[in-house]
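A structural walkthrough
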Amino acid sequence: MALLHTGEVLMWDGQDSGFDARFWNPTTNSFTPTPSSDNIFCSGHAALPDGRILVAGGHAGAHVGISDANVFNRTTQSWFAAPPMSIDHWYPTATTLADGRVLVTAGEIGCDGLPPDGSFHPECVATIPEIYNGATNTWTRLVNASMAFPYYPHVFVLPDGRVLVSSTAEGSISSR
């Protein structure tokens, strides 16, 4: 789910229903179908400064992501395809930076990064963060910021603009 600046909610389901996005207006309690062209289950999402929602990555299968990025426009209640990221992401984290760009970190790329035995497999995750610029509709790879995190890292923007990764949804890490 993504809470829009208007108080409305964009939501989608999981697994094979990840194409079935809906837009909910809580004032009228009405749901409007807004299907995505990609399966956006297991994606990361963040608000852009103009109120649009960037949805990065998604679901191609268990532990297999997609490189696609989609932007939802609340005004038109429609999607457009942004350029794809350089690598597939399944359960990445998308974080809006202070300047309005969006940082996308981690996400599995084709294998289980945290199998039942609890060991972390860094070869299974996207290690190069990417930044989406909604004003130019472009991606920038941060090749000098390579770091392997289990999927859905908890990422926060600090008051001075630095980014803190404090923990993840799966597995423990040292904060960075």
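This one's a predicted model, so the numbers in the text were calculated from it and none came from an experiment. Position numbers for residues start from 1 in each chain and track the written sequence from start to end. With pLDDT at 70 or above as the cut-off, local features in this predicted model cover only qualifying residues; side-chain atom pairs require 80 or more to be listed or tallied, and sums for whole chains, interfaces and linings still use all residues. Side-chain descriptors were evaluated using all non-hydrogen atoms of the structure, hydrogens and water having been removed beforehand.

Remarks on the environment of Ala21
Rule in force here: Put simply, DSSP marks the helices as runs of H or I at least four residues long and the strands as runs of E at least two long, and each gets a number from the N terminus on. Relative accessible area decides the class of each residue, using a 1.4 Å probe on protein chains only: under 20% of the type maximum gives buried, over 50% gives exposed, and in between gives partly exposed.
On the secondary structure map, Ala21 appears in the loop between strand 2 (9-11) and strand 3 (22-25). Residue Ala21 is classed as buried on the basis of its relative accessible area, which comes to 0%. For the pair formed by Ala21 and Ser36, sequence separation is 15 residues and the distance between their alpha carbons is 6.3 Å.

Quick word on the sheet that holds strand 12 (residues 138-141)
Condition: Here, strands pair whenever DSSP counts at least two bridges between them. Each axis is a line fitted through C-alpha atoms, taken for helices only over the stretch in contact, and angles between the N-to-C directions span 0 to 180 degrees.
Taken in spatial order, the four strands make up an open sheet running 9-10-11-12, and their pairing is antiparallel. The sheet is open, and its two borders are formed by strand 9 (93-96) and strand 12, each paired with just one other strand. Strand-to-strand twist in this sheet, taken as the mean axis angle between neighbours without regard to direction, amounts to 25°. Judged from the three bridges that link them, strand 10 (residues 102-105) and strand 11 (residues 130-133) form a sheet pairing that is antiparallel. Paired with Val104 across the bridge in strand 11 is Glu130.

What about the packing of aromatic side chains?
Rules: Within 6.5 Å between ring centres, the rings of Phe, Tyr and Trp (the latter by its six-membered ring) count as paired, and their orientation is classed by plane angle as stacked under 30 degrees, edge-to-face over 60, tilted in between.
Summed over the entire model, instances satisfying the criterion amount to 10 aromatic pairs. Each ring, one from Phe23 and one from Phe72, has its centre 6.0 Å from the other, and the planes form 35°; the classification is tilted. One end of the pair, Phe23, is in strand 3; the other, Phe72, is in strand 7 (residues 69-73), and 49 residues separate them in sequence. Using a relative accessible area of 0% as the deciding quantity, one classes Phe72 as buried. When the ring of Tyr91 is compared with that of Tyr152, the centres are 4.9 Å apart and the planes differ by 65°; the resulting orientation is edge-to-face. Taken together, the residues Tyr91 in the loop between strand 8 (78-82) and strand 9 and Tyr152 in the loop between strand 12 and strand 13 (153-157) connect sequence positions 61 residues apart. Cluster of aromatic residues (ring-pair linked, three or more members): Phe41, Trp90, Tyr91, Tyr151 and Tyr152.

Some words on the pattern of salt bridges
Quick note on the threshold: Salt bridge, as applied in this entry: a Lys or Arg side-chain nitrogen positioned within 4 Å of an Asp or Glu carboxyl oxygen.
Overall, the coordinates contain five salt bridges when judged by the stated rule. Arg52 is paired through a salt bridge with Asp50; the nearest N and O atoms lie 2.7 Å apart. Assessed through its relative accessible area of 14%, Arg52 is described here as buried. Where Arg162 meets Asp160, a salt bridge forms, and the shortest distance between an N and an O atom there is 2.8 Å. Arg162 gets classed as exposed once you look at its relative accessible area, which sits at 54%.

Some words on the state of the cysteines
Applicable threshold: The disulfide criterion is simple: two cysteine sulfur atoms within 2.5 Å.
Scanning the model with the defined rule gives one disulfide in all. Residue Cys111 pairs covalently with Cys124 via a disulfide, S to S 1.9 Å. The chirality of the disulfide connecting Cys111 with Cys124 is left-handed, given an S-S dihedral of about -110°. Here the residue Cys111 occupies a position in the loop between strand 10 and strand 11, and Cys124 occupies one in the loop between strand 10 and strand 11, the gap between them amounting to 13 residues. With relative accessibility at 3%, the residue Cys124 sits in the buried group. Between Cys42, a free cysteine, and Cys111, which holds the nearest cysteine sulfur, the sulfur-to-sulfur gap is 15 Å. The class for Cys42 is buried, based on a relative accessible area of 3%.

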